[in-house]
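Results of the structural survey
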Amino acid sequence: MAQLVGKDVMAQVGQRVMMTSQFKNKGMGTITQVHADGGYCSVRWDDGNEDGALFTGQKGDFTLVLVVNGGDGPAMPMTGDSSAALADSMASSAHLHKQLLAQEVVKLRKEVAQLKASQGGDQGGGGSETLKAARMEVARLEAQRNEVMAQANG
């Protein structure tokens, strides 16, 4: 039987969780922070995305279920070994996120080059609104990539 985090088990950093069935399945994740005396949690999903406010009792809502060993055993508490595994997993996730951002920047740069070519060049730095929007998006993604790389490396 599913154990609701915050109701059946107390929310703790390091717990492996999934969304309850009434919410979109995001796969498995790990609680990274517990807020408001366990009322809500931050979760880093295995795909690298994060949610900062998932209810675990606040307002009577429960959005997370505890993941047990492959679904057929009791949940295991975090140990030194599992903490190290979590740290490795988070580092790997940051590396993957960094790679994805770099790929997105390359893709956008290619789109900007295609837009320039289709408009006959830059035309004195002005250009269309689409070109300006593409440049702004490239700048935003480069800044985001730099931030992620700094976090992953430092």
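Keep in mind that what you see is a predicted model, and the values were worked out from it rather than measured.

1. Some points on the nonpolar core
If you look at the biggest cluster of nonpolar residues, it comprises 12 residues: V5, V9, A11, V17, M19, I31, C41, V43, W45, L54, L64 and L66. Taken together, the elements giving at least two residues each to this core come down to β1 (16-19), β3 (40-45) and β5 (64-66). Counting residues in hydrophobic clusters, the runner-up holds eight residues, among them L101, V105, V112 and L131.

2. A few points about the sheet that holds β1
The five strands lie next to each other as β4-β3-β2-β1-β5, forming an open sheet whose pairing is antiparallel. Two strands in the sheet have a free side with no partner beyond their single neighbour: β4 (50-55) and β5. Each strand axis lies, on average, 45° off the axis of its neighbour in the sheet, ignoring direction. Bridge count between β3 and β4: four bridges; the pairing is antiparallel. Each bridged residue has a counterpart across the sheet, and for C41 the counterpart in β4 is L54.

3. Details of the confidence of the model for the protein
Confidence along the protein averages 76 in pLDDT terms, with 69% of residues attaining 70 or more. The lowest-confidence element of the protein is helix α1 (residues 80-118), averaging 66 in pLDDT; the highest-confidence one is β1, averaging 94. Ignoring residues within four places in sequence, the model shows residues 71-79, a span with pLDDT below 50, making 12 contacts including any to other chains.

4. A few points about unusual backbone geometry
Positive phi, normally seen in glycine, also occurs at A36, with a value near 50°. Looking at the element boundaries, A36 is found in the loop between β2 (29-35) and β3. Residue D37 is not a glycine yet carries a positive backbone phi of 55°. Counting through the fold element by element, D37 comes out in the loop between β2 and β3. The exposed category is assigned to D37, whose relative accessible area is 86%.

What counts, and at which threshold
- Residues numbered from 1 in each chain as written.
- Predicted model: local features only at pLDDT ≥ 70, side-chain atom pairs only at ≥ 80, totals over all residues.
- Heavy atoms only, no water.
- Core = buried A, V, L, I, M, F, W, Y, C linked by side-chain atoms within 4.5 Å.
- Buried < 20%, exposed > 50% of the residue type's maximum accessible area, 1.4 Å probe, protein only.
- Helix = DSSP H or I, 4+ residues; strand = E, 2+ residues; numbered from the N terminus.
- Pairing = 2+ DSSP bridges.
- Axes fitted to C-alpha atoms, helices over the stretch in contact; angles between N-to-C directions.
- pLDDT = per-residue confidence, 0-100.
- Contact = heavy atoms within 4.5 Å.

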